[in-house]
Amino acid sequence: MKRFRRTVAGVLVGTMLLSVAGCGTPDPDDYEYGQSLEQLTEEDVVIAGGGSGSGSGGILNPGNLGGGEEKQFEGDFEPVEYADTENKEFEEYIMQEFRDYVTSDTLSYNFTVLDGKKYGIEAPSPATLGDADMSEQAILDDIQETKDDYQKLLKFEGQPMTEEEYFTYIILKDDYERTMFQNDNYLFYEPFSPMRGFQANIGTNFAEYRFDDKSDVEDYIDMMNQLPEYVEKVCEYENYRAEKGFFMQDAACDDVIDQCKTFVEDPENNFLIKEFNSKIDELGFLTEEEKEHYKDLDKEAVLNGIIPCMNMISDCVAANKGKATVDGGLCEYENGKEYYQKYILPHFAGTSRDVDEIIEMFETRYTDSFTQMSMVYLSNPDAYNFMTENMDTLFENTDSMKVEDVINTLMKEDMGEYPKLENIPYKADYLSPAMESILDSTLAYYMSPAIDDEEHNIIRVNGSHTDGMWVTLAHEGCPGHMYQNAYFQSTNPNPIRATADFMGYQEGWAVYTSFNTLKDYDFEGTEDDEVVGQLYRLNEELGYMLYGRIDIGVNYEGWSIEDVSDYMNESGFNGEYAEELYNTVVGDPGVYLSYSLSEYLMEELREKTENALGDKFDPVEFHKVILTAGPCQFEQLEFKLREYINEQQ
């Protein structure tokens, strides 16, 4: 909650896109994982499954991914006895924690709350990007402050609490413990990583800044002008990391430098200037004279603030290029494997399971999925051939629709398995052309509104990647991120829940639910819609599994580029893309686990719940438990589901 957690832990400006939006859907076509489907032959059926499939005739049951034993919850469940009345001291504690978080910098305030008076706070004055001091002493001070805060939380251990308070407590405790481990290994934090770094996301954060009154406009310009001083201190930290032997690999350096160069091209017409001018023109509380005045101030701030920052970052990275002391993933560093197990995995995938267990899960699931695909090949060759022959045009009928029409269709026709929710106000449009290249690996993203504002749900689509918009918008909109966030906020959760980032839950839900929409999709040119939908889902899952398995292989097991190429070729993928994928997972360890592993864990919870309840299983109620619990770790989500199962039996 404190300063160190918001700078070195990567929650401040540099990664606000991921922490606030909860998503930047990666482009799944970069590595041609459709090869696994297109190359399948009758001979592969024996190699892939050996007859161990489910025998379902090629239709995939979403709750059972293939052969093997039925998944069950392990161990005895011990219910918790909850208090009937609130723990007032704990409520005061978490409200103060929330207030400290929201007022620590102006961006956090703007993205988190609409009306601070509801929570007894006001926007930081003057506007601030937060404390950017990342010197060694400042970091050590913040580490100690976090430990002190953790001890304050532990004072409530064992005290009577309501159900919501108890769940909030275990979430905060787990978050603190994970953060303290990261704090002890702070040199692993890379502020300029290619996909999650400052330079990749700062433009989006400012472009999405909300203007409610004149002071917001002025704060925005003030923060833009503060950027050079802020970035200078972050660069000092980056230089310090380089001296200690923790600087990024050369390939990542090249990516970051290219991003910065793209950002500063034609500065007079920078997309942030255009975005600001467009938003200002829509503000009814400004006179025409004021609008022109602020446009001039903003242009000056862009030219003298953010443009120099991007050049500063580029120069910093270029000056340190070649200083990487290891050639490979995290495991090549001292304590790198432990960092991957204890921080990367739980932070990005939402689980503390042992990495070796996860490797086995990936390999088993790959075999099961390939077996399912083989069963379809044998039982319904017409559907299989239709899929392989039309991979690039499967979603033509919805790709040609307006973004809003696709989202509205999903809202109307594909929400039968989810609890009802009133209409969700939203705005959807395309990224500016300049941002398309900066966010080239992102298909789309969702920006959630402030917790006391249901009106400003925003979805941005990368116009350079418009194939397969059905799945992309199901992921970002409904029943994915937008629906999940709107439903959770409708339960009136404690504000403190908005301060923690749980990418595993968020991306696991979005991938899982977007895949679920495929079983009802009307594919033009075939009567085997359900089979084709399941084949497409299997193919997508195989690609995500490839990403996740290679991430672990490189960052935990020490795979080389050659190892990645061999794995891809042996798994039916195009090994020519090995170096590109290798560099991606080295530059941003764990980034794909949020999609691959977390989706599997969400499906696994469904299968376990179905097996536990049998005929009593209701998908609507199952999803309601997950949605009401809200973002958390999968172990915590399993606890809520076991409570629900215990009540039903």
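Data block above holds the structure.
Overview of the structure.

### With respect to the overall build of the protein chain
Secondary structure assignment for the protein chain yields 28 helices and 4 strands. Of the contacts made within the protein chain by residues no fewer than 6 positions apart, 81% connect residues no fewer than 24 positions apart. Accessible surface computed for the protein chain: about 25,500 Å², of which carbon and sulfur atoms make up 43%.

### Overview of the packing of aromatic side chains
Under the defined criterion, the tally for this structure stands at 42 aromatic pairs. Each ring, one from Tyr547 and one from Tyr592, has its centre 4.5 Å from the other, and the planes form 45 degrees; the classification is tilted. In this pair, Tyr547 sits in helix 23 (residues 529-555) while Tyr592 sits in the loop between helix 25 (578-587) and helix 26 (596-613), placing the two residues 45 residues apart along the sequence. For Tyr592, a relative accessible area of 2% puts it in the buried group. Site record: aromatic cluster; members linked through ring pairs are Phe181, Phe188, Phe246, Tyr333, Tyr339 and Tyr343. The ring of Tyr556 has Lys337 lying over it, and the distance from NZ or CZ to the ring centre is 4.5 Å. A cation sits over an aromatic face here: Lys640 above Phe167, 5.0 Å from the ring centre.

### Section: the packing of helix 10 (residues 214-243) against helix 13 (residues 288-320)
Direction vectors running N to C along helix 10 and helix 13 enclose 10 degrees, while the axes themselves pass 9 Å from each other. Regarding the angle of helix 10 to helix 13, the classification is roughly parallel. Tallied by class, the residues present in the contact of helix 10 with helix 13 amount to 18 nonpolar, 5 polar and 6 charged.

### Some points on the side chain of Ser514
Mapped onto the elements, Ser514 comes out in helix 22 (residues 503-516). Of note is the side chain of Ser514, whose polar atom sits 2.9 Å from the backbone oxygen of Val511.

### Structural notes on the nonpolar core
General note: in soluble globular proteins, nonpolar side chains tend to be found buried as a group. Residues Leu272 and Ile550 are the most contacted members of the largest nonpolar core, which totals 177 residues. Setting aside its immediate chain neighbours within four residues, Ile550 contacts Trp559, Val564, Tyr567, Met568, Leu581 and Val585. Grouped together as the second largest cluster of nonpolar side chains are 20 residues, Phe98, Tyr109, Tyr119 and Ile496 included.

### With respect to the side chain of Asp105
You can see Asp105 is positioned in the loop between helix 5 (88-102) and helix 6 (106-112). By relative accessible area, Asp105 is classed as buried at 1%. Of note is the side chain of Asp105, whose polar atom sits 2.8 Å from the backbone nitrogen of Ser108.

### What about the environment of Asn239?
Along the chain, Asn239 turns up in helix 10. According to the relative accessible area criterion, Asn239 is partly exposed, its value standing at 32%. Once you skip the residues sitting within four places of it in the chain, Asn239 turns out to touch Cys316 and Asn320.

### Re helix 10
In a regular helix each residue adds 1.5 Å, so 30 residues correspond to 44 Å; helix 10 covers 44 Å between its end C-alpha atoms and thus fits that length. For helix 10, the principal kink sits at Leu227 and spans about 40 degrees; a proline, Pro228, occurs within the next four residues. Looking one or two places after helix 10, you find Gly245, whose phi comes out positive at around 85 degrees.

Rules used in this analysis
Residues numbered from 1 in each chain as written. Predicted model: local features only at pLDDT ≥ 70, side-chain atom pairs only at ≥ 80, totals over all residues. Heavy atoms only, no water. Helix = DSSP H or I, 4+ residues; strand = E, 2+ residues; numbered from the N terminus. Contact = heavy atoms within 4.5 Å. Areas by Shrake-Rupley, 256 points an atom, 1.4 Å probe, with all protein chains shown as cover. Phe/Tyr/Trp six-rings, centres within 6.5 Å; stacked < 30°, edge-to-face > 60°. Buried < 20%, exposed > 50% of the residue type's maximum accessible area, 1.4 Å probe, protein only. Lys NZ or Arg CZ within 6 Å of the ring centre and 35° of its normal. Axes fitted to C-alpha atoms, helices over the stretch in contact; angles between N-to-C directions. Parallel < 35°, antiparallel > 145°, perpendicular 65-115°, else oblique. Nonpolar A, V, L, I, M, F, W, Y, C, P; charged D, E, K, R; others polar. Polar contact = N/O pair within 3.5 Å; in protein donor to acceptor, adjacent residues only side chain to side chain. Core = buried A, V, L, I, M, F, W, Y, C linked by side-chain atoms within 4.5 Å. Expected span 1.5 Å × (residues − 1). Bend = angle between axes of the 7 residues up to and from the residue.

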